[in-house]
Amino acid sequence: MQPKNTNENKPARRGQQKRQAGNKRPQGGKQGNKPADKPLQMNGSSVSRGAAVRAQKRSQMDAQRIANQFTPAQPVKQRRANVIDDSPRLKIIGLGGMDGGGSKNTILVEYMNDAVIIDAGNDLSVDLPGINYGIADTTYLESIKHKLRAYIITHGHLDHIGGLPHIVPKFPAPIYGSNFTIGRVEEIFENFGLPMPDGFELKTVIMNENTHERLKIGEFFVELVRVTHSIPGSTCVVLDTPAGRIINTGDFRFDQNPLDHERSDIDRLKQLGDEGVLALLSESTTVERLGRTPSESTIEQSFVDIMNQAPGRIFIGLFSTNMNRVQMIVNAAVHHGKKVAMDGRSMVSTLEMAVRHGFMKIPKGTFIPIASAATMKPDEVVVVCTGSQGEPSSALQRMANGEHKHIKMQEQDTVVLSSTPIPESGNDASIGQMVDDLTKRGVHVFEARNHELDKVGPLHVSGHASQDEFAEMIQYTKPKFFIPIYGAYRVKQRHIDLAVEQGVPRANCVNALNGEVIALTKDKMELAGEVPSGTILVDQTGAIVSNVVVKDRVLLAEEGLVAVVLTIDKKSGNLMTSPDIISRGFIYMRENEEVMNGLRNELKRAVAQRFKRVDLDRFKAELKDHMTHFLFEHTQRSPIVIPVVNVIGGGKGGDGKPQQGGNGNERAKTSEEIANEQQKRFEQMRARLLTQDPRVD
């Protein structure tokens, strides 16, 4: 095997000759009498070492490429033409929300010595082993935390508030929002899995979106304007700054007949436009959809009709925060004399908060515990649950898998999926698999996207605007500058085309990326450099996961792992037992005995040829390289390779050093004591490293 670098290619023992002129190899042994210290070579290898190394690098690069989709912030090297200065310009920086489908939405607005953050969400579309979601990297906030005055939240969906429990404790400031939104914020802090730092106190400010109240925050004034969306309390954020007024639309649609009768405050938007708007930051999620988004009221009759016709129990899957939809289902259930059971921790928690704040009207005795639903007659109960996106641990998914504690799906049951796959999320496959599982159980499934095929009315309407409404937002607010946010880059570009059609000069529009600084004055908008940006990954417990760990997880998932355990007598340099080989996610060892026996023989040869000639670290490095080469030659795969070398015994080992822990003054142990100690340690080591799994040889 080749050493890792030239510095390691030195003689391992004292007395070995130094490298001579003419690049001769160092000679082994005293006075050069031993054979040359030649790296270990494979017997009869038909695959070059270079091919194995290249294959391993390809695997590592593929894993790194996947992990790099969600990387933490990298330092930004400022050049003279790229310096972020403190001149009196308004700076708008998307730390998140400027890519993908609009996720981890986090918009920073900074002017001189004051800054606010509009929304701080998470990205639930991250598909990496052991990762729950991503949040925006806040490296840049470290440099301006003394400026931060507030967090202003447009609405209570997790892609707009899910990052708050991670970010606010590090950079404390009050959180502003509507009554329902602040209720959602307090809810996620209460349910957050990790303890808050000592001394941290959550501070919230409820604003009335109906009275147009304006609050002063540093050099800014903030106002919330009501808009319709798929969650109560949704608002536009109006921020008056020394440079001019900016409006962040949040997520919106212009529903003329919402179930809660809380229409978008179009009159106020028009008034703000007449007064003058410097820049409009408009969400872009569904700009590619033509026309108008139908009203929520158009689907109410569909639930009534299904409850009229369904022969068995009815299960309705929807987003946990869609309280208007829940109210609609409750109304239909009460109309038919049915009870309603709720399942899904997030849905129950949001419902309790909504009822507590007066956003829901539930007749007494309507709700029953989910445990009671299993004992009721099929025509007496409707179950409302999470899982419309096929989420692995959701209530509906557990019912489909037969793993639910209380509910066992039966023939004649009806499931209604009152949602469509989230754009850019990749949920289609998960939803399809869940529908397959339900169908195999004889359950009839109504999907919103197939409602015409099933000859039922519409079962879902989007919470987001379509092109006509996006155009109207621009028309109402009459912005001088236009900045599309909360959407994929290509979709934001279409939004710019739409803005140009509404009369905004193309030169006054910008399609910015995460981290790019949009600098504004009363008369000019330009990209003025960038700040560090990226994604921080979070696991199921709420803990941060390193990008390096994610890369290893991807490699393990793709290529598997092979570990070998060598137990070597330090004095003689001989193996004390046959090498133990452990394979995980690589090959099934009992079906590949020839490969495993060949690897075992190579390991024995490696110990015999190299252990006493090089130091332990170099021996393990060469062993890893040699195993990688051997396994690639025989399997064309490059698993993660972990050599474990357990050296047992007294005296000096292959590295020429005394046994660890010896001080030269200890009583010499008898050969029987040494043998017993070695046997005990060896048995303990095997018990730790080996299991009864059949893949262990």
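Each remark here, short or long, concerns the structure printed above.
It should be emphasised that the depicted structure is a prediction, and the values quoted were computed from it without experimental measurement.

A. Main features of the overall build of the protein chain. Assigned secondary structure in the protein chain consists of 18 helices and 27 strands. Carbon and sulfur atoms form 48% of the exposed surface of the protein chain, whose accessible area is close to 32200 Å².

B. Summary view of the environment of Ile407. Inspection of the secondary structure assignment puts Ile407 in the loop between helix H11 (395-401) and strand S18 (414-417). In this structure Ile407 comes out as buried when scored by relative accessible area, which is 1%. Linking Ile407 and Val383, residues 24 residues apart in sequence, is a C-alpha distance of 10.0 Å. Dropping the residues within four chain positions of it, Ile407 is found in contact with Arg313, Phe315, Ile370, Ala373, Ala374 and Met399.

C. Quick look at empty space enclosed by the protein. Under the definition given, this model contains two cavities of 30 Å³ or more. Roughly 50 Å³ of volume is contained in the largest cavity. Lining the largest cavity, in full, are Ser388, Leu417, Ser419, Thr420, Pro421, Ile431, Glu447, Ala448 and Arg449.

D. Examining the sheet that holds strand S25 (residues 561-569) more closely. Strand order in this open sheet of three strands is S26-S25-S27, and the pairing throughout is mixed. Every interior strand has two partners, whereas the edge strands, strand S26 (580-584) and strand S27 (640-648), have only one. When the angles between neighbouring strand axes are averaged without regard to direction, this sheet yields 15°. Helix H16 (residues 593-610) rests against S25 and S26 of the sheet, and its axis sits at about 40° to S25. Across the sheet, helix H17 (residues 616-635) lies against S25 and S27, angled at about 140° from S27, the strand it touches most.

E. Summary view of H16. The first and last C-alpha atoms of H16 sit 25 Å apart over 18 residues, in line with the 26 Å expected at 1.5 Å per residue. Within the sequence span of H16, burial applies to Val595, Met596, Gly598, Leu599, Arg600, Glu602, Leu603, Arg605, Ala606, Val607 and Arg610. Buried positions along H16 lie against S25, S26 and H17.

F. Main features of the side chain of Asp240. Structurally, Asp240 can be placed in strand S11 (residues 235-241). Among the polar contacts listed, one links the side chain of Asp240 to the side chain of Arg214, at a separation of 2.7 Å. In this view, Asp240 contacts Arg214, Glu219, Phe220, Phe221 and Arg245; residues no more than four positions away in its chain are not counted.

G. Focus on unusual backbone geometry. Residue His212 is not a glycine yet carries a positive backbone phi of 65°. The topology assignment puts His212 in the loop between strand S8 (204-206) and strand S9 (215-217). Its identity is not glycine, yet Tyr486 carries a phi of approximately 55°, on the positive side. When you line up the elements, Tyr486 lands in the loop between strand S20 (479-485) and helix H14 (489-501). Residue class for Tyr486 comes out buried when judged on its relative accessible area of 1%.

H. Summary view of the sheet that holds strand S6 (residues 148-152). Across the sheet, eight strands lie side by side as S8-S7-S6-S3-S2-S1-S21-S22; this open sheet has mixed pairing. Pairing within the sheet leaves two strands with one partner each, and these edge strands are S8 and strand S22 (525-530). Mean inter-strand twist for the sheet, computed between neighbouring axes without regard to direction, equals 25°. Note that strand S21 (residues 516-520) and S22 share four bridges and pair antiparallel. For Glu516, the partnering residue across the bridge sits in S22 and is Glu530.

I. The arrangement of the pattern of salt bridges in detail. Applying the stated criterion to the full structure yields 27 salt bridges. Across the salt bridge formed by Arg226 and Glu262, the nearest N and O atoms sit 3.5 Å from each other. A residue pair is termed long-range when its members are at least 10 positions apart, and Arg226 in strand S10 (residues 220-226) and Glu262 in the loop between strand S12 (244-248) and helix H6 (266-275) qualify at 36 residues. We classify Arg226 as buried; its relative accessible area is 17%. Note that Glu622 is salt-bridged to Arg610, the shortest N-O span being 2.8 Å. One end of the pair, Glu622, is in helix H17; the other, Arg610, is in helix H16, with twelve residues separating them in the sequence. Given a relative accessible area of 2%, Glu622 falls into the buried group.

J. Examining the packing of helix H5 (residues 179-190) against helix H9 (residues 345-356) more closely. Here H5 crosses H9 at 135°, and the two axes come no closer than 10 Å. Between H5 and H9, the angle is such that the two are oblique. Here the hand of the crossing between H5 and H9 comes out right-handed. Between H5, through Phe180, Gly183, Arg184 and Glu187, and H9, the contact on the second element is made entirely by Ser346, Ser349, Thr350, Met353 and Ala354.

K. Structural view of the pairing of S11. The element S11 is largely enclosed, with a buried count of seven among its seven residues. Burial of the side chains of S11 extends over both faces: Thr235, Val237, Leu239 and Thr241 are buried on one face and Cys236, Val238 and Asp240 on the other. Of the strand pairs in this sheet, S11 and S12 are connected by five bridges, and their pairing is antiparallel. Across the sheet, residue Asp240 finds its bridge partner in S12, namely Arg245. Once S11 ends, the chain turns through two residues before running back antiparallel as S12.

L. Highlighting the packing of H16 against H17. Taken N-terminus to C-terminus, the directions of H16 and H17 make an angle of 155°; their axes are 11 Å apart at the nearest point. Viewed along their axes, H16 and H17 adopt a mutual orientation that is roughly antiparallel. Classified by chirality, the crossing of H17 by H16 is right-handed. Taking contact as the criterion, the partners of Val595, Gly598, Leu599, Glu602, Leu603, Arg605, Ala606, Val607 and Arg610 in H16 are, on H17, Arg618, Phe619, Glu622, Leu623, His626, Met627, Phe630, Leu631 and His634. The class makeup of the residues in the contact of H16 with H17 is ten nonpolar, three polar and five charged.

Criteria and thresholds
- Per chain, residues are indexed from 1 in the order of the written sequence.
- Selection of residues for local features in this predicted model requires a pLDDT of at least 70, selection of side-chain atom pairs for listing and counting requires 80 or more, and totals for whole chains, interfaces and linings are taken over all residues.
- To obtain the side-chain values, all non-hydrogen atoms of the structure were included, while hydrogens and water were left out.
- Only DSSP runs of H or I with at least four residues qualify as helices, and only runs of E with at least two residues qualify as strands; both kinds are numbered from the N terminus onward.
- Residue exposure ignores everything except the shown protein chains as possible cover, and the areas themselves are Shrake-Rupley values with a 1.4 Å probe.
- Burial here depends on accessible area, computed with a 1.4 Å probe over protein chains only, as a share of the maximum for the residue type. Under 20% is buried, over 50% is exposed, and the range in between is partly exposed.
- It only takes one pair of heavy atoms within 4.5 Å for two residues to be counted as in contact.
- Each cavity reported here is a set of points on a 1 Å grid over the protein atoms alone in which a 1.4 Å probe fits but cannot get out, each pocket an open set with protein on both sides within 12 Å along at least five of seven lines, and each lining residue one with an atom within 4 Å of a point.
- Grid points are joined across faces, edges and corners, and a volume is the space filled by probe spheres set on the points.
- By this definition, two strands are paired if DSSP reports at least two bridges between them.
- Simply put, an axis is a line fit to the C-alpha atoms, just over the touching stretch for a helix, and the angle between two N-to-C directions goes from 0 to 180 degrees.
- Helix span is expected to be 1.5 Å times the residue number reduced by one.
- Throughout this description, a polar contact denotes any pair of N or O atoms lying within 3.5 Å of each other; where both atoms belong to protein, one of them has to be capable of donating a hydrogen while the other can accept it, and for residues adjacent in sequence the pair is counted only when both atoms sit in side chains.
- What counts as a salt bridge is simple: a side-chain nitrogen of Lys or Arg found within 4 Å of a carboxyl oxygen of Asp or Glu.
- These descriptions rest on fixed angle ranges, namely under 35 degrees for roughly parallel, over 145 for roughly antiparallel, 65 to 115 for roughly perpendicular, and the rest for oblique.
- Handedness of a helix crossing follows the sense of rotation of the near helix relative to the far helix, less than a right angle counterclockwise being left-handed and clockwise being right-handed.
- Amino acid classes used here: Ala, Val, Leu, Ile, Met, Phe, Trp, Tyr, Cys and Pro are nonpolar; Asp, Glu, Lys and Arg are charged; the rest, including Gly, are polar.

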